[in-house]
Amino acid sequence: MRIALIGTGNVGQALGVRWAQLGHEVIFVTRDPGSEKVQKILAEAGAGVRAMRVGEAAAAAPIIVLATPWNAVQSVIGSVPDWSGKIVIDATNPIAPGFQLAVSGDNSGAEQVARWAAGAQVVKAFNTTGAENMRDPIYNGEATTMFICGDSAEAKAITSQLAEALGFMVADVGPLTAARYLEPLAMVWIRLAIVQGRGRDIAFRLVQR
Ligand SMILES: NC(=O)c1ccc[n+]([C@@H]2O[C@H](COP(=O)([O-])OP(=O)(O)OC[C@H]3O[C@@H](n4cnc5c(N)ncnc54)[C@H](OP(=O)(O)O)[C@@H]3O)[C@@H](O)[C@H]2O)c1
């Protein structure tokens, strides 16, 4: 699959490098394709990867992952004239200063993304675990869980395939409005890992009997 990742930070690097190593055609979307940071990422990811600016990458890729800080999301989306037909995987969390959710209650960041990127099929995914777990989601030999939600069955199937390729077990929580629960769940991970200091080697696993 051809996948563009917007943002070359912790999440963009983790997902992009792994998918490239698994044989996907990865485009790293960055404000500075020539930077030393981006050149290092391209070298780690291996053959067949490219770095582009946001407008040209959106034209080139049918699947676009949002992996920027929340305060950059609206302007990044606004720099692409037409989102129709794109699959947008929203890995962001709408975090305001002080580890607070900037959007909550009867709204979510993902629903806001869907309004901004009108015409796209938006899936919320990769927001409820740390970037290190995206590189290695296996704990004690067992897959940890990637919760996803969205309104398009096709977009969720593709997102599930991409998450399973990394080693996650996928749990589909339902329509995009379920992001109202997945974004607060990310805050639970952040509280445990960072605020309480358990460290980033923690992950959620759904068990069933
Ligand atoms: N870190 C985690 O473990 C984790 C886990 C799950 C979800 N998330 C969420 O995923 C998103 C990304 O997190 P991260 O830790 O990867 O962030 P990060 O390391 O701060 O990187 C974000 C990247 O976004 C780009 N960026 C930053 N400001 C921008 C702006 N004003 N306009 C356009 N692009 C900008 C930068 O890439 P360029 O310099 O190449 O443009 C930057 O490297 C956040 O919303 C976060 O809440 C994070």
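Everything that follows concerns the structure shown earlier in this document.
Residues numbered from 1 in each chain as written. Predicted model: local features only at pLDDT ≥ 70, side-chain atom pairs only at ≥ 80, totals over all residues. Heavy atoms only, no water.

Q: Sorry if this is basic, but what is going on with the site of the ligand here?
A: Around the ligand, 24 residues are found, and the nearest of them are Thr 8, Asn 10, Thr 30, Thr 68 and Arg 200. Contacts to the ligand include Gly 9, whose backbone N or O atom sits 3.2 Å from an oxygen atom. At a separation of 3.3 Å, an oxygen atom of the ligand approaches a polar backbone atom of Asn 93. When isolated, the ligand has an accessible area of 890 Å², and the protein chains bury 76% of it. Broken down by secondary-structure element, the contributors of at least two residues to the shell around the ligand are helix H1 (10-21), helix H4 (70-78) and helix H6 (131-135). By residue number, the principal contributor to the shell around the ligand is H4, which donates three residues. (Near = heavy atom within 4 Å. Polar contact = N/O pair within 3.5 Å; in protein donor to acceptor, adjacent residues only side chain to side chain. Areas by Shrake-Rupley, 256 points an atom, 1.4 Å probe, with all protein chains shown as cover. Helix = DSSP H or I, 4+ residues; strand = E, 2+ residues; numbered from the N terminus.)

Q: Where do I start with the packing of aromatic side chains in this structure?
A: What characterises a pair of aromatic rings is the spacing of the ring centres plus the angle enclosed by the ring planes. Going through the model one piece at a time under the given rule, you end up with three aromatic pairs. A ring pair is formed by Trp 19 and Phe 126, whose centres lie 5.7 Å apart and whose planes are at 75°; its orientation type is edge-to-face. Linking Trp 19 in helix H1 with Phe 126 in the loop between strand S8 (121-124) and H6, this pair joins segments that are 107 residues apart in sequence. For Trp 19, a relative accessible area of 0% corresponds to the buried category. Here the aromatic cluster, defined as three or more aromatic residues joined through ring pairs, consists of Trp 19, Phe 126 and Phe 168. (Phe/Tyr/Trp six-rings, centres within 6.5 Å; stacked < 30°, edge-to-face > 60°. Buried < 20%, exposed > 50% of the residue type's maximum accessible area, 1.4 Å probe, protein only.)

Q: Looking at this structure, I do not really get the nonpolar core. What am I missing?
A: Generally speaking, a soluble globular protein has its nonpolar side chains buried in company with each other. By size, the foremost hydrophobic cluster in this structure holds 38 residues, and its most contacted members are Ile 6, Ile 27, Trp 83 and Val 113. Listed by contribution, the elements that provide at least two residues to this core are strand S1 (2-6), strand S2 (25-29), helix H3 (54-60), strand S4 (63-66), H4, helix H5 (109-116), strand S11 (145-150) and helix H8 (179-195). For this core, the leading source of residues is H8, giving six residues. If we skip the residues at most four places from it in the chain, Trp 83 touches Ile 6, Ile 64, Ile 77, Val 88, Ala 117, Ala 118, Gly 119 and Ala 120. Counting residues in each nonpolar core, the second largest holds 32 residues, with Leu 42, Ala 125, Ala 155 and Leu 162 among its members. (Core = buried A, V, L, I, M, F, W, Y, C linked by side-chain atoms within 4.5 Å. Contact = heavy atoms within 4.5 Å.)

Q: Explain the sheet that holds S4 to me, please; I cannot follow it from the model alone.
A: Strand pairs in the sheet, formed through backbone hydrogen bonds, run parallel or antiparallel to each other. In space, the eight strands of this open sheet follow the order S3-S2-S1-S4-S5-S8-S11-S12, with mixed pairing throughout. This sheet does not close on itself; its edge strands, each paired only once, are strand S3 (50-52) and strand S12 (169-172). The mean angle between the axes of side-by-side strands here comes to 25°, regardless of whether they run parallel or antiparallel. Alignment of S4 against strand S5 (residues 87-90), held across four bridges, turns out to be parallel. Directly across from Ile 63, in S5, lies its bridge partner Ile 87. On top of the sheet, H1 reaches S1, S2 and S4; it is set at about 160° to S2, its chief contact. (Pairing = 2+ DSSP bridges. Axes fitted to C-alpha atoms, helices over the stretch in contact; angles between N-to-C directions.)

Q: Even after reading the chapter, I still don't get the pairing of S2, so can you show me in this structure?
A: Of all five residues in S2, four are buried, a share of seventy percent or more. Bridging between S1 and S2 involves five bridges; their strand directions are parallel. In the strand pairing of S2, Leu 5 is matched with Phe 28. At this point the chain moves from S1, through H1, to the parallel S2, and the crossover so formed is right-handed. Looking at chain direction, S2 and S3 are connected through three bridges and run parallel. (Right-handed = clockwise from strand over helix to strand, strands pointing away.)

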